[in-house]
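Examination of the molecular architecture
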Number of protein chains: 2
Amino acid sequence: MPTNFGDRLVAAIRKKNVPACVGLDPLIDRLPQAVLDAHGIGGGAVDSEAAADALRSYGREVIACIAPHVPAIKINIAFFERYHAAGVAAYLELVECARDAGLVVIGDVKRADIGHTTAQYAQALLADLPEGHAGKGAAPDAVTVNPYFGIDGIAPFIEIAREQGRGLFVLVQTSNASADEIQGLELSAGGTVCQQVGRVVQGWATGDGLVGSEGYSAVGAVVSPRDLESTDVIRELMPNCIFLVPGFGAQGRTADEVAKCFKSDGSGAIVTSSRGVIYAYANDRYSAESSDWRQCVEKACGHLVDDIRRVTGY
Amino acid sequence: MPTNFGDRLVAAIRKKNVPACVGLDPLIDRLPQAVLDAHGIGGGAVDSEAAADALRSYGREVIACIAPHVPAIKINIAFFERYHAAGVAAYLELVECARDAGLVVIGDVKRADIGHTTAQYAQALLADLPEGHAGKGAAPDAVTVNPYFGIDGIAPFIEIAREQGRGLFVLVQTSNASADEIQGLELSAGGTVCQQVGRVVQGWATGDGLVGSEGYSAVGAVVSPRDLESTDVIRELMPNCIFLVPGFGAQGRTADEVAKCFKSDGSGAIVTSSRGVIYAYANDRYSAESSDWRQCVEKACGHLVDDIRRVTGY
């Protein structure tokens, strides 16, 4: 697998003909009733093992539903860490399951620390598991990371990305309402904090051996088109970075906004949507047509693909 | 335990008469040979379960060595996550062990995400474990968090801090060499990014019900005195925040630098040191005197206490 991650992601998008990613970030109390019943989860306190088992079963089914339609999945570890050791084991198994299903797998972990420490996160969350590792699980193809420490917090991830054909997406402009509290601060040299982060990340992304034959680096960026003008600036500043674009769907980003994250040739970004797909069975639009929650998820995934094709001109 | 965390930390510092914290961030290959031997860890690949068991035994002994001397311990989860589910279980057990030993326990987790997600991290890493939770473990008294998302990424932690008498330390000025790449950017309104983060965190820290009777909030800050001038500014900007001060010892911060993090009355900060204490058995200064690694750790902890008392005038 030591092909460049940028090349692999571009190829996966081309193969499925849509720059779409499904986000898997499931809350226990929103799982299908059938899954909860099968794991004996009712009202009241939830046992960690039972919760992790339910997330695992549910995740496997979601992966099967979406794998034919989209090139990538983003699994957010927070929803698994919620159940401590059992949850972490479930996360790793789902990473492996998604890779086996042919998806590009992004571990949404948003880590960073000083170098000596971040090296541990990088080994744990992005590297191939060592020989003799007890239990199942495989590392994802890429992870998300936080830029606040500068390059020290990111370098061990980049090292593994380079050596093992993996990737990372550095947070640049996030989708949440309070993002501008820090990211939107105006700099005396011009522009904002997140634009300067973008400039810095473009520098990291064009380091030795990171840019693939398609012109995209193994180092990408998380960019929400929350601010249209800023998104234009960032797209311009980061020609070698693939943008992982959150906020489409439940978080309210529109088609026009999302389109800003792509280059004029339609490349350079992949759009991710979670709640609209993974909870489709709770949406009348789908549940009126089928009582099988899997069919609802697969149908919603098909609609996500249609929507993103329309937005991006694929 | 629903006393204010600021009050609890101040009381713990007073009781031990030193604002010192030992950092527990152990690398397997630097553990005492006796611990490695006891867990069958030699050269070559390390099984996750064996590694987690070794970290657990070692951590328990370190906690016993330091608990009589210092008020607090900071356990960095990265070094445990390295061994996935087994490591996370060991982390939680050590948090509980340290609390049982009477230490204020800081979980060094450096998390943040958008609100919907960070709520999961906050539940997992700071809240009381739910009834019926399988396995041992308890939440720490406080955790570290990352400010890049603004208040959205932090609010669920603050909520738990308020309700359960817990605390958090928001990254403001970190100790690593590349910190200024982002944190040091100059703002058009004056000052730098990390100073503005400090100003914003002071605002969060003085929210409803967060400041205790000692004048310190349950919301503190990670401030390394890497830049002396900036540290003065930040100390001034954040009167209600206790600073968790990394970098003393292995990371090279001097006594004069560390002293900048305290107010003139000697309050307002706690200094943390890891490698100088937890690997003391590999230091000739200690190993020449004792072949028992625990005695080396305890002696080094005593020296850390002496050093910090001297620096801070306790």
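Residues numbered from 1 in each chain as written. Chains lettered and ligands numbered in written order. Predicted model: local features only at pLDDT ≥ 70, side-chain atom pairs only at ≥ 80, totals over all residues.

Digging into the relation of the copies chain A and chain B
The condition is simple: Copies overlap after least-squares fitting; the atoms used are the C-alpha atoms of residues with pLDDT of at least 70 in both. Here contacts are defined at the residue level, using C-beta atoms placed from the backbone and a cut-off of 7 Å between them.
Overlaying chain A with chain B gives an RMSD of 0.0 Å, the required rotation being 180 degrees about an axis along which the chain moves by 0.0 Å. Between the two chains, the operation in question is that of a two-fold axis. In this assembly, 100% of the residues forming the interface of chain A have copies in chain B that are likewise at the interface, indicating an isologous arrangement.

What about the packing of helix H6 (residues 115–125) of chain A against helix H7 (residues 155–164) of chain A?
Residue and element names in this part refer to chain A. The following threshold applies: Every angle, taken between N-to-C directions, lies between 0 and 180 degrees, and every axis is a line fitted to C-alpha atoms, over only the stretch in contact when it is a helix. Working definition: helices are DSSP H or I runs of at least four residues, strands are E runs of at least two. Numbering for both runs from the N terminus. For classification purposes, angles smaller than 35 degrees are called roughly parallel, those larger than 145 roughly antiparallel, those between 65 and 115 roughly perpendicular, and all remaining angles oblique. Charged residues are taken to be Asp, Glu, Lys and Arg, nonpolar residues to be Ala, Val, Leu, Ile, Met, Phe, Trp, Tyr, Cys and Pro, and polar residues to be all remaining types, Gly included.
Running from N to C, H6 and H7 cross one another at 40 degrees; their axes reach a closest spacing of 7 Å. Comparing their axes, H7 and H6 come out oblique. Each of Gly-115, Thr-118, Ala-119 and Ala-122 in H6 lies in contact with H7, whose residues at this interface are Ala-155, Pro-156, Phe-157 and Ile-160. In terms of residue class, the contact of H6 with H7 is built from 6 nonpolar, 2 polar and no charged.

Notes on the pairing of strand E2 (residues 72–76) of chain B
Residue and element names in this part refer to chain B. Our working definition: Counts of 20 or more other C-beta atoms within 10 Å of a residue's own C-beta define buried residues, counts of 12 or fewer define exposed ones, and intermediate counts define partly exposed ones; C-beta atoms are placed from the backbone. Two strands qualify as a pair provided that DSSP identifies no fewer than 2 bridges between them.
Within E2, 5 of the 5 residues are buried, which leaves it mostly tucked inside the rest of the structure. Where strand E1 (residues 20–24) lies against E2, 4 bridges are found, and the strand directions are parallel. Of the residues in E2, the one forming a bridge with Val-22 is Ile-73. In this structure, E2 lies alongside strand E3 (residues 104–111), joined through 5 bridges in parallel fashion.

With respect to the environment of B:Cys97
Residue and element names in this part refer to chain B. Structurally, Cys-97 can be placed in helix H5 (residues 84–100). For Cys-97, a count of 23 C-beta atoms within 10 Å gives the class buried. Ignoring anything within four residues of it in the chain, the contact list for Cys-97 reads Arg-60 and Ile-63.

Here's the deal with the interface of chain A and chain B
Of the residues lining the interface, 59 residues belong to chain A; the matching set on chain B comes to 59 residues. Mapped onto the side of chain A that touches chain B, the elements with two or more residues apiece are helix H3 (48–66), helix H4 (78–81), helix H5 (84–100), H6, helix H8 (180–183) and helix H9 (193–205) of chain A. Taken together, the residues of the side of chain A that touches chain B break down into 28 nonpolar, 20 polar and 11 charged.

What to know about helix H14 (residues 293–312) of chain B
Residues and elements named next belong to chain B. As a reminder of what qualifies: Helix span is expected to be 1.5 Å times the residue number reduced by one.
In a regular helix each residue adds 1.5 Å, so 20 residues correspond to 28 Å; H14 covers 28 Å between its end C-alpha atoms and thus fits that length. All of the buried residues in H14 are Trp-293, Cys-296, Val-297, Glu-298, Ala-300, Cys-301, Leu-304, Val-305, Ile-308 and Thr-312. Gly-313 sits one or two residues past H14 and shows a positive phi near 75 degrees.

Regarding the sheet that holds strand E1 (residues 20–24) of chain A
All names here are of chain A. Judged by pairing direction, the barrel is parallel, and its 8 strands sit side by side in the order E1-E2-E3-E4-E5-E6-E7-E8 before closing back on the first. Taking each pair of neighbouring strands and ignoring which way they run, the sheet shows an average axis angle of 30 degrees. Strands strand E2 (72–76) and strand E3 (104–111) of the sheet are contacted by H5, whose axis makes an angle of about 180 degrees with E2. Across the sheet, helix H14 (residues 293–312) touches E1 and strand E8 (269–273), and the angle it forms with E1 is around 140 degrees.

Geometry only, nothing functional implied.
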